[in-house]
Each structure stands twice: as C-alpha cells, then as structure tokens.
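# Examining the three-dimensional arrangement
Spelled out from the first residue to the last, the chains are:
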Amino acid sequence: MTRVLVTGAYGQLGNEFKRLSGTIRDLEFIFTDVNELNITIEDELDKFLEKHPVRFLINCAAYTAVDRAEDEPDVAYLLNADAVNILGRICIKKNIQLIHFSTDFVFDGTLRKPYTETDVPKPLSVYGKSKHSGEINLKKLKTGIIIRTSWLYSSFGNNFVKTILRLAREKEEIRVVDDQIGSPTWAADLAEVTVKILRQHKDTLNQLNWGVCHYSNDGECSWYNFAEEIVRLAGLKTRIKPIGTSEYPAKAIRPQYSVLNTSLIKNWLGIEIPKWKDSLKKCIYEILNQK
Ligand SMILES: NC(=O)c1ccc[n+]([C@@H]2O[C@H](COP(=O)([O-])OP(=O)(O)OC[C@H]3O[C@@H](n4cnc5c(N)ncnc54)[C@H](OP(=O)(O)O)[C@@H]3O)[C@@H](O)[C@H]2O)c1
C-alpha cells in the first residue's frame, strides 16, 4: 500500500485531505501537525520518517497570516522557506516524492491576463516573498511538485467565507474591496486534484520530479463579488458595499490581479475544474449544516 504523510494536517487543506482519505482505499494516510511533527526541526522529521516510511509527503504546513507576516518575517520565512528546504533535502535522502503548495501572492498583479507557470514571480508582501523563497529552495534541490493556488477557503479553519458569514450576521452593511481580482478556491477541490496526481502518477513520479503547476477554481472575481455571492448563497440580506483598496488599509500589499492560468494542470491530468460559484455553493451548504 502506498503511504502518504500529510504535514500541517489540522489546517484548512490538511483537514480536506483527512476527510477525503475516508473514501480512499489504495493510499494509506498519516496525518500530523506541529504537535506531532514540527517540520522546522530536521532531526524530528528524520526520526519520524525512519519510523514511518512513506512514498509521498504532502506539505500543508505553512505560515498563512498575510498581514501578521509583515511584523514577524522570521517566523514566516522559517516555515515557508527554511522548513521547505529541510523537507526537500529529507525527501531526496529518503526517496520520497514531495508535494508542496504555494500561492498566487508570489505575483505582483500587474499582468492583466491569468498568470502562467512561466511568468516571473515578483511578490509584494513578506508572506509572498517567504513562499517564493520556499519555491526557490525546491527548485535548487530539483525536487518537489509545487501547486500554486489562490484565495483558499474551506468549512474547516478560518477564512474569508467564514469571516463574511460572521460579519453578515452581525452587521447591516459590510465594506469589501472591489479592486483586487483573483479566483476563490475550495480546499476540497484542491485536495481532490492532489490525490488525482498521486493516483495517476504514483508509479512514475520519483524524488527527482520538480515542477510548478497552478490550480484554482474556474473563473475570477473581486473580493466584493466573492462576498456578495457568499451572502446570497447563505440567504442573508446584508448589504455589501464595494470599496477601493486605499479605503481598507492593510499591513501587507496584495496583488491587484492574481488569477492563475490552469491550462497546464487541466491538460496534464485531463480534468475539468469546477467553477468557483459551484464550489462555493457546496462549501456554504456544508458550513450552514455544520453541527
Ligand atoms: N489560505 C489561503 O488563502 C491560501 C492561498 C494560497 C495558497 N495557500 C497555501 O496553501 C497551503 C495550505 O494553506 P491553508 O490555508 O490550509 O493553511 P492553514 O490553514 O494556515 O494550515 C497550516 C497548518 O500548518 C500548521 N503548522 C504551523 N507550524 C507548523 C510546523 N512548524 N510544523 C507543522 N505544521 C505547522 C498550522 O498549525 P497552527 O494553526 O497551530 O499554526 C496549521 O494547522 C499553504 O501552503 C498556503 O501557503 C493558502
């Protein structure tokens, strides 16, 4: 049986893998988060993998607090760059195929058409820079498949969808930025496509595989459009008011346009990608029916 280790498993994406694993018979999953396995400590990783040999390592651990990262760059770099280097080295040593995730925030947002894998990253924030450093570390090691994704949400953990639902119940009007464009992505869809990669390629992928591909749900919108759809799907009446980025000062600078071109992964796996509104509908249903 092919064994798969998921690190950072108690976050949004990790939890989606956990849920999905319940339906999978041909892969055996091990789930860890920082308390069981701290990916910044090489010795800990080494010993863990000695005890639990695996064929794949899916790294969902990351420092994802975009604004807070501006005040704690050391912590962001430790997890998003240094730890990724450690993971890459260990995976080479132990012949493990690493799957790692990165972000649309590696781009500066000046392009006005969806970013492809060959467009040059130019991150604007500490978070984006730290994630880009993680990508560079794997590129130097020539190991790891990096899946860049964007605007991730899930019924697990904290995210924009849950924040808007909470605010919409508390307030009559919410002001949301209308001049940043991206593609909301349901973490459940990302987990599913990642498993598809493992399934389709488990016999051909080896530790020498390095590459970047983009995965986000289909279509694009502003945060304002995203919020409107969340409120509509939840059947709430709250007014959503569009505002400019300048009216909502945040610590980190975000790209104005960070839509990812997903042609490569579609052709590679022969898949259709769900439209963002369809996936959002499923996730909202889940959240509203959570016990
Ligand atoms: N969220 C987004 O909008 C977004 C957008 C684009 C790309 N991505 C990328 O997608 C991936 C998954 O993101 P996500 O939203 O699922 O992240 P998340 O919810 O923040 O989960 C990250 C997990 O990693 C854990 N962790 C922290 N330090 C660790 C350590 N030293 N060792 C092991 N685990 C550790 C965290 O634990 P604690 O909670 O205890 O710290 C948390 O459970 C990341 O690579 C992220 O950069 C996310």
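Residues numbered from 1 in each chain as written. Predicted model: local features only at pLDDT ≥ 70, side-chain atom pairs only at ≥ 80, totals over all residues. Heavy atoms only, no water.

Looking now at helix H3 (residues 73-93). Helix length check: H3, at 21 residues, gives a terminal C-alpha distance of 29 Å against a target of 30 Å (1.5 Å per residue), a fit within 8%. Of all the bends in H3, the greatest measures close to 30 degrees and is centred on Leu79. Among the residues of H3, those classed as buried are Ala76, Asn80, Ala81, Ala83, Val84, Ile86, Leu87, Gly88, Ile90 and Cys91. Structurally, H3 contributes buried residues whose contacts are with helix H2 (42-51), strand E3 (56-59), strand E4 (97-103) and helix H4 (126-141). Once H3 finishes, Asn95 follows within two positions and takes phi at roughly 60 degrees, a positive value. (Helix = DSSP H or I, 4+ residues; strand = E, 2+ residues; numbered from the N terminus. Expected span 1.5 Å × (residues − 1). Bend = angle between axes of the 7 residues up to and from the residue. Buried < 20%, exposed > 50% of the residue type's maximum accessible area, 1.4 Å probe, protein only. Contact = heavy atoms within 4.5 Å.)

It is worth spelling out H4 at this point. Three- or four-residue spacings in an α-helix give side chains the same orientation, since the helix completes a turn every 3.6 residues. For H4, which comprises 16 residues, the first-to-last C-alpha distance of 23 Å matches the rise-based estimate of 22 Å (1.5 Å per residue) to within 8%. Within the span of H4, buried status applies to Val126, Tyr127, Gly128, Ser130, Lys131, His132, Gly134, Glu135, Asn137 and Leu138. Packed against the buried residues of H4 are H3, E4, strand E5 (144-149) and strand E10 (210-214). In the segment just after H4, Lys142 is the residue with positive phi, at about 55 degrees.

Before going further, it helps to examine the environment of Thr149. Looking at where Thr149 falls in the secondary structure, it is placed in strand E5. Taking relative accessible area as the criterion, Thr149 reaches 7% and is therefore assigned buried. Residues Thr149 and Gly134, spaced 15 residues apart in sequence, show a C-alpha to C-alpha distance of 15 Å. Engagement of the side chain of Thr149 in a polar contact is seen with the backbone oxygen of Tyr215, the distance being 2.8 Å. (Polar contact = N/O pair within 3.5 Å; in protein donor to acceptor, adjacent residues only side chain to side chain.)

Honestly, it's all geometry; don't read function into it.
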